[in-house]
Amino acid sequence: MKVPVKIKKEIVTSWWIDNLIDSLIVAFLYLAISALVLQLPQSQLGSPVWPPAGIAVGALLARGRSRCWGIFLGAALNSFFVSKAPFLFALLAGLVPTIGALTSTTLILFFNKTNNFLNYVKNFVRFSLAATFSGTILQALLGTLIVSYAGLTKWDIYWKVAWGWWVGDAMGVLLFAPLVFVWWSKQSTITPITNNKWSFRSNGKELFLCLSILGITSYFTILGNQPLEYFLLPPLLWSAFRFGSKITTLTVTFTAMVAAISTSYKFGSFYKVSQEINSLIFLQLFMGVILITTLMVLVLAEENNRNSQELQEQVILKDKAYTQLDLINRDLEEIIETRTSELLEANREIKFLNEQLTAENYRMSSELAVTRRLQKMILPRTKELNTIKELDIVGFMEPADEVGGDYYDVLQQNGHIKIGIGDVTGHGLESGVIMIMLQTAIRTLLINGEKNPVKFLSTVNHTIYENLQRMNCEKSLSLILIDYHDRVLHLSGQHESVIVIRDSGDIEIIDTDALGFPIGLTDEISEFIFETAINLNLGDVVVLYTDGITEAENHTKELYGLDRLIHTIGKFHRNSVDQIREAVITDIREFIGSSKVYDDITLVVMKRKI
């Protein structure tokens, strides 16, 4: 069917008008917010967040990439009128954020196949990765190059300036892109979990209470200089579960910006810490944790709510079918005897399906299922491990319960490889949550460039300890962290012994008891942290494990033991790391047989390949 020419012209005209209006709005927002941020006192440590970067990405996702001219216009006007830059320099300054926002938006749309990144967990994870490690890096490198070429900064600090630029842009995208997308998107996104028809009359008291708690906690934490930062998480998670995306993105952005602004004006708990350590790492860590945790719970709640509604609709359909059958039964009394068996069979089938749907709904809405999914998602993927050029690394983790307490991870950042393995006391929901908190803290510190092993482990311990105190939890964990660089492994922390089998077959056992202290038992462990180095030659094998392997029992209550583990590895140490892992796991399972597995089983095998 052909569309009339007149209608085509009207459609095209309408599109150009909408595009122009949206672009002008984007330009105004970019210019206004940039001017406001630049009016704040500028710390010598840099800006922890650059909101216009998030406004740019959020606007392109909400209204379309054709609105990129607004970003260019807003950034150019900001450079020309606010920063007093020359006209040509202002044009270049307008191109950089435009290119960065287009790059991030294009990758998000390519991987998610939709602009709505808050509808599924996988879409939100892809958004976070694309927003953090694509356009923001590009515009940081180009922007620093331009200001260095213009003589506004020295070339010898190029990478330091680029690092601060990237961190500020990345935090800006993660904070403000969801806010702009939710409030400006053409499509409906997430509704509150309690009721699709949310109203202030029915839910206003609950919202007022939630915001009051958040405001009071913010006052004492951020403005009152009290070390209660993570007490802000409960009301934010409350908002994610109950009030939907608009209120949640607004509250989490407001909370993060209050922390950033108070630090700029030299008061609040984060300013004090930043001056003590000469870094904004704790402020950025706080912003990253509350943002990722709150939005992840928001997306999980929406996904679970959507599945629950689908299941409920199916239950309603089954109930309607049952009602119709009952009406037919009353209307056709003369054929009751001939239809009784069929109706009873249909009734049993309906009840069976109803019970299944109810059980599945309960399971999908339980906290245990949410934690288990989060735990699996943050384990290193095979594709990620294969990108490490110097080492062949494989891992294996099998929880004894639905949620395990073991931790292992392999991370690389700017050529820096960090390997970790740990074991939370016990297993189950609490241990799994602690494992997730541990992984988030380690990744955040690595991204922020912390390389000192004492500061690294001490900061991780302090973070976990404070959370354990809040949870009123008496758990702790063992943890070793390994840094690989220039053919040397640097070990720190306390865990099970590290097994090293040289290419020649010689065996070395590295005892880690003297290298650290259990994480979470006390708030300060710096004096207990030490480091040791292992030279790694070609073909050398290093094996990390948890006590779920050495303390595995067979039907006679005999322990698997360290000697048997070393013997199994020794027989296959010249094979590939995949074959070594399979040999160890196969031997453990044959040893256990039909006996009960009491503890989580975790194994990491690595071999130097170049």
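Rules of the game
Residues numbered from 1 in each chain as written. Predicted model: local features only at pLDDT ≥ 70, side-chain atom pairs only at ≥ 80, totals over all residues. Heavy atoms only, no water. Helix = DSSP H or I, 4+ residues; strand = E, 2+ residues; numbered from the N terminus. Buried < 20%, exposed > 50% of the residue type's maximum accessible area, 1.4 Å probe, protein only. Contact = heavy atoms within 4.5 Å. Areas by Shrake-Rupley, 256 points an atom, 1.4 Å probe, with all protein chains shown as cover. Polar contact = N/O pair within 3.5 Å; in protein donor to acceptor, adjacent residues only side chain to side chain. Core = buried A, V, L, I, M, F, W, Y, C linked by side-chain atoms within 4.5 Å. Pairing = 2+ DSSP bridges. Axes fitted to C-alpha atoms, helices over the stretch in contact; angles between N-to-C directions. Salt bridge = Lys/Arg side-chain N within 4 Å of Asp/Glu carboxyl O. Expected span 1.5 Å × (residues − 1). Bend = angle between axes of the 7 residues up to and from the residue. Parallel < 35°, antiparallel > 145°, perpendicular 65-115°, else oblique. Left-handed = near helix turned anticlockwise from the far one by under 90°. Nonpolar A, V, L, I, M, F, W, Y, C, P; charged D, E, K, R; others polar. pLDDT = per-residue confidence, 0-100. Patch = residues over 30% accessible without salt bridge, like charges linked within 9 Å, V, L, I, M, F, W, Y side chains within 5 Å. Lys, Arg positive; Asp, Glu negative; His and termini not counted. Charge placed at Lys NZ, Arg CZ, Asp CG, Glu CD.

*Asks:* Help me understand the overall build of the protein, please; the structure alone is not making it clear to me.
*Replies:* The helix and strand tally for the protein stands at 19 helices and ten strands. Within the protein, buried positions represent 50% of all 610 residues. In the protein, 74% of the contacts between residues at least 6 apart in sequence involve partners at least 24 apart. When the accessible surface of the protein is split by element, carbon and sulfur atoms take 59% of a total near 30,800 Å².

*Asks:* Please explain the side chain of Thr-98 as it appears in this structure.
*Replies:* On the secondary structure map, Thr-98 appears in helix H4 (residues 87-112). Within the structure, Thr-98 has its side chain in polar contact with the backbone nitrogen of Phe-72 (distance 3.2 Å). If near-sequence neighbours (up to four positions away) are discounted, Thr-98 is found in contact with Cys-68, Ile-71 and Phe-72.

*Asks:* Looking at this structure, how should I read the nonpolar core?
*Replies:* Phe-124, Phe-127 and Met-287 are the most contacted members of the largest nonpolar core, which totals 65 residues. Broken down by element, the residue count for this core peaks at 14 residues, all from helix H6 (residues 158-184). If you look at the next biggest cluster of nonpolar residues, it comprises 49 residues, including Ile-393, Ile-442, Leu-481 and Leu-536.

*Asks:* Honestly, the sheet that holds strand E8 (residues 531-535) in this entry has me stumped. Any pointers?
*Replies:* The strands that make up a sheet are held in pairs by hydrogen bonds between backbone atoms, and each pair lies either parallel or antiparallel. If you trace the five strands from one edge of the open sheet to the other, you get E2-E3-E4-E5-E8, paired in antiparallel fashion. The sheet terminates laterally at strand E2 (406-413) and E8, the two strands that pair on one side only. Each neighbouring strand pair of the sheet contributes to a mean axis angle of 20°, computed without reference to strand direction. Sheet topology places E2 next to strand E3 (residues 416-424); eight bridges connect them, and they run antiparallel. Among the inter-strand pairings, Leu-411 is bridged to a residue of E3, identified as Lys-418. Its contacts with the sheet place helix H16 (residues 453-471) against E3, strand E4 (477-485), strand E5 (488-494) and E8, and it is angled at close to 150° to E4.

*Asks:* Is there a simple way to think about the pattern of salt bridges in this case?
*Replies:* One pass over the full model with this rule turns up 14 salt bridges. Asp-503 is paired through a salt bridge with Arg-574; the nearest N and O atoms lie 3.4 Å apart. Of this pair, Asp-503 sits in the loop between strand E6 (498-501) and strand E7 (507-510) while Arg-574 sits in the loop between helix H18 (562-571) and helix H19 (577-592), placing them 71 residues apart in sequence. Asp-503 gets classed as partly exposed once you look at its relative accessible area, which sits at 32%. On the basis of relative accessible area, Arg-574 is assigned to the exposed category, the value being 56%. Salt-bridge contacts for Lys-557 lead to Glu-553; the nearest nitrogen and oxygen are separated by 3.9 Å. Overall, Glu-553 belongs to the partly exposed group, its relative accessible area being 23%. What you see here is one network of salt bridges that share partners, running through Asp-22, Arg-63 and Arg-67.

*Asks:* Before we go on, may I ask you to explain helix H5 (residues 121-149) in this structure?
*Replies:* An α-helical segment advances 3.6 residues per turn. Residues three or four places apart therefore align on the same side. Under the 1.5 Å per step criterion, the end-to-end length of H5 is 42 Å for 29 residues, consistent within 8% with the ideal 42 Å. The sharpest bend along H5 reaches about 35° and sits at Thr-136. One or two residues past the end of H5 sits Gly-151, with phi positive at roughly 85°.

*Asks:* How should the packing of helix H2 (residues 51-63) against H4 be read in this particular structure?
*Replies:* A packed helix pair is summarised by two numbers, namely the angle formed by the two axes and the spacing between the axes. The N-to-C vectors of H2 and H4 enclose an angle of 45°; their axes lie 9 Å apart at closest approach. By the angle between their axes, H2 is oblique relative to H4. Every pair of crossing elements has a handedness; the one defined by H2 and H4 is right-handed. Residues Ala-56, Val-57, Leu-60 and Leu-61 of H2 form the contact with H4, whose own contacting residues are Ala-101, Leu-102, Ser-104, Thr-105, Ile-108 and Leu-109.

*Asks:* So what exactly am I meant to see when it comes to the pairing of strand E1 (residues 391-398) here?
*Replies:* Regular strands place their side chains on alternate faces of the sheet. Of all eight residues that make up E1, six are buried, and the element is covered over most of its length. In the sheet, E1 pairs with strand E10 (residues 601-608) via eight bridges, with the strands oriented antiparallel. Residue Leu-391 lies in a different strand from E10, and its bridge partner there is Arg-608.

*Asks:* What exactly am I supposed to notice about the packing of helix H15 (residues 429-447) against H16 here?
*Replies:* Across the interface, H15 lies against H16 with an axial gap of 10 Å and an inter-helix angle of 145°. As H15 packs across H16, the resulting crossing turns out to be right-handed. In this structure, H15 contributes Ile-434, Met-437, Leu-438, Ala-441, Ile-442, Leu-445 and Leu-446 to the contact, and H16 contributes Phe-456, Thr-459, Val-460, Thr-463, Ile-464, Asn-467, Leu-468 and Met-471. Split into classes, the residues belonging to the contact of H15 with H16 amount to twelve nonpolar, three polar and no charged.

*Asks:* For this particular structure, what's the right way to read the sheet that holds E10?
*Replies:* If you trace the five strands from one edge of the open sheet to the other, you get E1-E10-E9-E6-E7, paired in antiparallel fashion. Edge strands, defined here as strands with exactly one partner in the open sheet, are E1 and E7. On average, each strand axis in the sheet is tilted by 15° relative to the strand beside it, whichever way the strands run. Relative to the sheet, H18 contacts E6, E7 and strand E9 (541-545), its axis offset from that of E6 by approximately 30°.

*Asks:* Please explain helix H3 (residues 68-82) as it appears in this structure.
*Replies:* Taking 1.5 Å of rise per residue, the 15 residues of H3 would be expected to cover 21 Å, and the 21 Å separating its terminal C-alpha atoms lies within 8% of that figure. By the burial criterion, the buried members of H3 are Cys-68, Gly-70, Ile-71, Gly-74, Ala-75, Ala-76, Asn-78 and Ser-79. Just beyond H3, the residue with positive phi is Lys-84, at close to 60°.

*Asks:* Hey, could you run me through the confidence of the model for the protein in this one?
*Replies:* Detailed reading of the predicted coordinates is not advisable wherever pLDDT falls low. Averaged over all residues, the pLDDT of the protein is 84; the fraction at 70 or higher stands at 83%. Scored below 50 in pLDDT, residues 188-197 makes 24 contacts in the model with residues more than four places away or belonging to other chains.

*Asks:* Just checking my understanding: could you explain the side chain of His-573 for this structure?
*Replies:* In this structure, His-573 sits in the loop between H18 and H19. One polar contact links the side chain of His-573 to the main-chain carbonyl oxygen of Asp-503, over a distance of 3.4 Å. When residues no more than four places from it in sequence are discounted, the contact partners of His-573 are Ile-501, Arg-502, Asp-503, Gly-505, Val-541, Ile-580 and Lys-607.

*Asks:* Help me understand a negative patch on the surface in this model?
*Replies:* On the surface, Glu-466, Asp-523, Glu-524 and Glu-527 cluster together to form a negatively charged patch. With respect to the secondary-structure elements, Glu-524 resides in the loop between E7 and E8.

*Asks:* What is the right way to look at a nonpolar patch on the surface in this model?
*Replies:* On the surface, Val-125, Leu-129, Phe-133, Ile-137, Leu-141 and Trp-159 cluster together into a nonpolar patch covering about 540 Å² of accessible area. Per-element tally for the nonpolar patch: the top contributor is H5, with five residues. Position of Val-125 relative to the elements: it lies in helix H5. Residue class for Val-125 comes out partly exposed when judged on its relative accessible area of 30%.

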